[in-house]
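# An overview of the molecular structure
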Amino acid sequence: MIGQMFEGVPARALACGALLLAALLAAPYVVNDYLLTVLIIILYYAYTGQAWNIMMGFAGQLSLGHALYVGLGAYTAAAFYVHFGISPWIGILAAIPIAIAGGAIIGFLAFRFRVGGVYFAILTIAFAEFARVGFDHFNWVGGSSGFFLPVANYAVSDLWNLRGKPMMFYYLILAMTVLAFVICRLLLTSRIGYFWLAIREDEEAARAIGIDTFRYKMYAVILSAGMTSLAGIFFAFFYNNLFPEQVFHISRSIELILAPIIGGVGTLFGPILGAFLLTGLSETMHAILYGFGIDIPGVKQVFYGLCLLFVVIVLPHGVWPWVARVLGIKERRS
Amino acid sequence: MPAEIYLNVAVSGILTGLVYGLMALGLSVIFGVIRIVNFAHGEMMTIGMYIAIAIFSAFKLDPLVMMVPIAAVLFVFGYALQASLINPFINRPEHSQFILLVAVALVMVNGLLILFGPDAKNVQTTYAFDSFLIGPLIVDATKVYAGGAAVLVSAALFAFFRFSHLGQAIRACADNYVGALVVGLDVRRLYALTFGIGAACVGAAGAMLVLIIDVTPALGPAYTLLAFIIVITGGLGSMPGALLGGILIGFTEAMAGLLFSPSAKSMFAFGLLVLVLLFRPQGIMGKRAI
Amino acid sequence: MSALLSVQNVTKRFRGLLAVDNVSLDVAEGEIFAVIGPNGAGKTTLFNVIAGVYRPDQGQVAFAGHRLDGKTPDQVCRAGVGRTFQIVRPFPALSVEDNVVVGALLRHRGLRDAREWAHKILRRLDLFDKRHQPASELTLPDRKRLEVARAIATEPKLLLLDEVMAGLRPTETDRMVAALRRLNQEHGVTILLIEHVMRAVMALASRVMVLHHGAAIAQGRPDEVVRDPAVVQSYLGAEAVG
């Protein structure tokens, strides 16, 4: 396992990775609360981006409905906590299966009935929209008027119930991001990862060399959905409020895929780099605009759009492959 | 409930559906010829709607009167978009094209948000509250005008593709890309024209729809999805299919709004989409191609 | 003679067009069998029926005693039938090595094992030096060899080759012929090939079948078949034995 993790990784890449990790571990002791929140957002997008990337970047299945899995995870764990006082760590045991069931239904229908490409993407949107409208009418978890977790000022962080200060959330999401990275790295250097790439590249050819493409595409959807639902739990307990209009909205799904696309679809560092770039730049811009007294809704999203345009036109494979070349680190497959 | 209510709602749904159909026609033309899924379609329509509102509030000019100039503006816009941004993406992978248009859509929605703010806007025409009485039916005048205009524009479009040289050239291009290149058609220009035509359709549809519904910037993505649903239901690339799909969705939405709750109507549209994708992926009028 | 592959009375229609018309053939274990015929004769359709892409309208396909028709392409491959595509389709973004490793992983679950096996195949097909290149950067002859290498990596008992010589220069054809012959002789891989290049067919095949308008019009030893009047008239004609 450990050997597989580091096999073929150039020393320079290891050094860069270690440096980044050290900086992230030390960050809460250096930065102020605002920056810590920004870092939490960055890592949140890095994590979700990594999870989405399994489906699109590895197995080539474009999902534009990942907000569905975030929402299912968020609502499940939050409902268990609010209604029964059950810790989110136990809530996971329900949240993951529910999100996986959602993904499995979509995957099964799409792959059995050969709904591919753009049609598949639209199908994923459709299911997220279903959930949005459904949860609007689901009064047990607040319906369209929102679902709220109890908030208080905590002197000590309660990790078991995920109630506490930003620093706890920071280390939690950092751990999740590192774990997701490790999982993706291991997957990519194993049989399943190779099979996914083959399916992404050419599904018919993949079938011709004996790959049960239905099964492996299902694995990708299930894994991606499960991982994304964990981000949902984090989201619920960090923000403490959930509105179907916001959680399941198509623009959430699009936000989730920006980081890996800008960073580099199918790469391991892409989602992380993309999240840093996107959130970092948008916060900087926000600060500048705020400094000039301009506070208009929509500016940030226009900026996202322009970033996306720039990257997709100028660096179609994302920023990371380009950075990696400049740094002299070549990720084996991108 | 008396039967007349159902009938009224059905007719009004079908009239709205005609406008939906025209909007979807634009998407269908673009896909049929360029094989690009315009993920910024609803956003282009909201641009048309806001132009109509801006003209109306400045000069009190009726959106239906201004439909042609609005369509012309959208045509230029669509032409420029295809010629500058999308043409270079013709041979890129599908997801790459998709993301390009998602980005364009993101800029459009939020550009409108910056320009016009998040509040709903509409036009108050002099006939806004008029209605026609046809036997037991009471139909809003706005919907009749809008639906009628949609039929006119669609008919013009059918005629264009059937009878004009340019329309035939575009169809040739759609049927056989390589063949079109071989006989010396300027495919990229035809693509730009096609995207312009698609944009003009959706712009005209916007000018009509603004009579019926209030517009907010957030409407864009919702109508992009609606256009997808219609086009996939009717058959991607089929022009009659788009119109038929529009009517079907307009009808479904209206009935769902009446029988259940208005907020659930998109669920029915999506339900229809899922069923079509699974059991008749080529759509009602489409030929099996995927 | 025990048949490894047995195709019996297979018929396949596409919307009324009769693509394969009641074709039967037996390929013995260890044999190299060629299917020739003009374009549109139904050769590739026949291949796709064997490979599980299409289900035959009538008839049966059996492989090593088991029914093959009705199975999916991946099941057919796992049963021991490898194939190439007429229009080559390597995984473009993957390196040459990884292309073959994916195939090797079918029967070698460990990556190390798979890579070792892939290296052997790459050496045999003269692709080892190019193993780090992305497949999309290869020349056509190299891509054709990669296609064969990937199919071999799945360790098939039977290899279906769809025009792997097309577009190759004569020297490259000879190289491919030599590689295939070694594969056949040293590893006992049975080969069923569709080929236009008669030079390769004559050099490799022990038996030949000629398809014309979906039907088999001749079957036998290559030297017999090329002299068959029906074959000469319908197919070889003026181009004769090229």
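Residues numbered from 1 in each chain as written. Chains lettered and ligands numbered in written order. Predicted model: local features only at pLDDT ≥ 70, side-chain atom pairs only at ≥ 80, totals over all residues. Heavy atoms only, no water.

### Quick word on the layout of surface pockets
To be explicit about the condition: Cavities and pockets are defined on a 1 Å grid built over the protein atoms alone: a cavity is a set of grid points where a 1.4 Å probe fits but cannot escape, while a pocket is an open set with protein on both sides within 12 Å along at least five of seven lines, and lining residues are those with an atom within 4 Å of any such point. Grid points are joined across faces, edges and corners, and a volume is the space filled by probe spheres set on the points. A run of H or I in DSSP becomes a helix once it reaches four residues, and a run of E becomes a strand once it reaches two; helices and strands are each numbered from the N terminus. Each residue gets one of three labels, nonpolar for Ala, Val, Leu, Ile, Met, Phe, Trp, Tyr, Cys and Pro, charged for Asp, Glu, Lys and Arg, and polar for the others, Gly among them.
Roughly 1,100 Å³ of internal volume is contained in the second largest pocket. What lines the second largest pocket is a set of 38 residues, among which Leu219(B), Ala222(B), Tyr223(B), Lys265(B) and Ser266(B) lie closest to the centre. Mapped onto the lining of the second largest pocket, the elements with two or more residues apiece are helix H6 (117-136), helix H11 (244-247) and helix H12 (250-263) of chain A together with helix H1 (3-34), helix H9 (219-234), helix H10 (239-259) and helix H11 (265-279) of chain B. Per element, the largest residue contribution to the lining of the second largest pocket is seven residues, and it comes from H9(B). Its residues placed into classes, the lining of the second largest pocket shows 18 nonpolar, 11 polar and nine charged.

### Let's talk about the sheet that holds strand E3 (residues 32-36) of chain C
The strands making up a sheet associate through hydrogen bonds between their backbones, and the pairing can be parallel or antiparallel. Residues and elements named next belong to chain C. Counted only if it meets this: We treat two strands as partners when DSSP finds at least two bridges between them. Interaxial angle, 0 to 180 degrees, is taken between N-to-C directions of lines fitted to C-alpha atoms, where a helix line uses only the stretch in contact. What makes two residues a contact is simply this: any of their non-hydrogen atoms within 4.5 Å.
Spatially, E6-E7-E8-E3-E9-E10 is the arrangement adopted by the six strands of the open sheet, whose pairing is mixed. Of all strands in the sheet, those bounded by a partner on one side alone are strand E6 (81-83) and strand E10 (215-220). For this sheet, the mean angle separating the axes of adjacent strands, direction not counted, is 15 degrees. The pairing of E6 with strand E7 (residues 158-162) spans three bridges and is parallel. Each residue of the ladder has a partner; that of Arg-83, found in E7, is Leu-160. Across the sheet, helix H1 (residues 43-50) is in contact with E3, E6, E7, strand E8 (190-194) and strand E9 (207-212); its angle to E8 comes to roughly 145 degrees.

### Describing the packing of aromatic side chains
Selection rule: Side-chain rings of Phe, Tyr and Trp (the six-membered ring for Trp) are treated as a pair once their centres are within 6.5 Å; stacked means planes under 30 degrees apart, edge-to-face means over 60, and tilted covers the remaining angles. Only protein chains enter the area calculation, which uses a 1.4 Å probe; residues under 20% of their type maximum are buried, those over 50% are exposed, and those in between are partly exposed. Put simply, a charge is over a ring when the Lys NZ or the Arg CZ is close to the ring centre, within 6 Å, and near the line of the ring normal, within 35 degrees.
Per the stated rule, a full pass over the model turns up 38 aromatic pairs over all chains. On the basis of an interplanar angle of 75 degrees and a centroid distance of 4.9 Å, the ring pair of Phe238(A) and Tyr239(A) is categorised as edge-to-face. For Phe238(A), a relative accessible area of 16% puts it in the buried group. With a relative accessible area of 39%, Tyr239(A) lands in the partly exposed category. Through pairs of rings, three or more aromatic residues link up here, namely Tyr75(A), Phe80(A), Phe84(A), Phe135(A), Phe138(A), Trp140(A), Phe147(A) and Phe248(A). Taking the ring centre of Phe128(C) as reference, the NZ or CZ of Arg123(C) above it sits at 4.0 Å.

### With respect to the interface of chain B and chain A
The condition is simple: As a working definition, buried area equals the accessible area (1.4 Å probe) given up by two parts on being put together, with both sides summed. Whenever a carboxyl oxygen of Asp or Glu lies within 4 Å of a side-chain nitrogen of Lys or Arg, that contact is scored as a salt bridge. N or O atoms closer than or at 3.5 Å make up a polar contact, with two conditions inside protein: a donor-capable atom paired with an acceptor-capable one, and, for residues adjacent in sequence, both atoms drawn from side chains.
Of the residues lining the interface, 39 residues belong to chain B; the matching set on chain A comes to 38 residues. Both faces combined, the contact of chain B with chain A buries some 3,500 Å², and carbon together with sulfur accounts for 86% of it. Across the contact surface, chain B and chain A share zero salt bridges. In this structure, the connection of chain B to chain A is made through one residue pair in polar contact (both at pLDDT 80 or more). Put simply, the parts of the chain that give the side of chain B that touches chain A at least two residues each are helix H4 (94-116), H9 and H11 of chain B. When residues of the side of chain B that touches chain A are assigned to their parent elements, the largest contribution, 15 residues, is made by H4(B). In the side of chain B that touches chain A, the residues fall into 29 nonpolar, eight polar and two charged.

### Some thoughts on the pattern of salt bridges
Residues and elements named next belong to chain A. If you walk through the whole model with that rule in mind, you get 24 salt bridges over all chains. Where Arg-200 meets Glu-201, a salt bridge forms, and the shortest distance between an N and an O atom there is 3.0 Å. By relative accessible area, which is 23% here, Arg-200 ends up partly exposed. When its relative accessible area of 19% is taken as the criterion, Glu-201 is described as buried.

### What to know about the side chain of Thr48(A)
Relative to the helices and strands, Thr48(A) resides in helix H3 (residues 33-58). If sequence neighbours within four positions are ignored, Thr48(A) has contacts with Ala231(A) and Leu256(A).

### Re the sheet that holds strand E2 (residues 17-28) of chain C
All names here are of chain C. Pairing is antiparallel in the open sheet, where four strands are placed in the order E2-E1-E4-E5. At either margin of the open sheet sits one strand with a lone partner, and together these are E2 and strand E5 (66-67). The sheet contacts of H1 involve strand E1 (3-14), E2 and strand E4 (58-63), and relative to E1 the element is tilted by about 120 degrees.

### Here we look at the interface of chain A and chain C
If you look at the interface, chain A gives 22 residues, while chain C gives 23 residues. Interface area, chain A with chain C, both sides summed: about 2,200 Å², of which 60% is carbon and sulfur. Taken together, the connections running from chain A to chain C amount to two salt bridges. Between chain A and chain C we count eight residue pairs in polar contact (both at pLDDT 80 or more) in total. For the side of chain A that touches chain C, the element with the highest residue contribution is helix H8 (residues 191-201) of chain A, accounting for seven residues. Taken together, the residues of the side of chain A that touches chain C sort by class into nine nonpolar, three polar and 10 charged.

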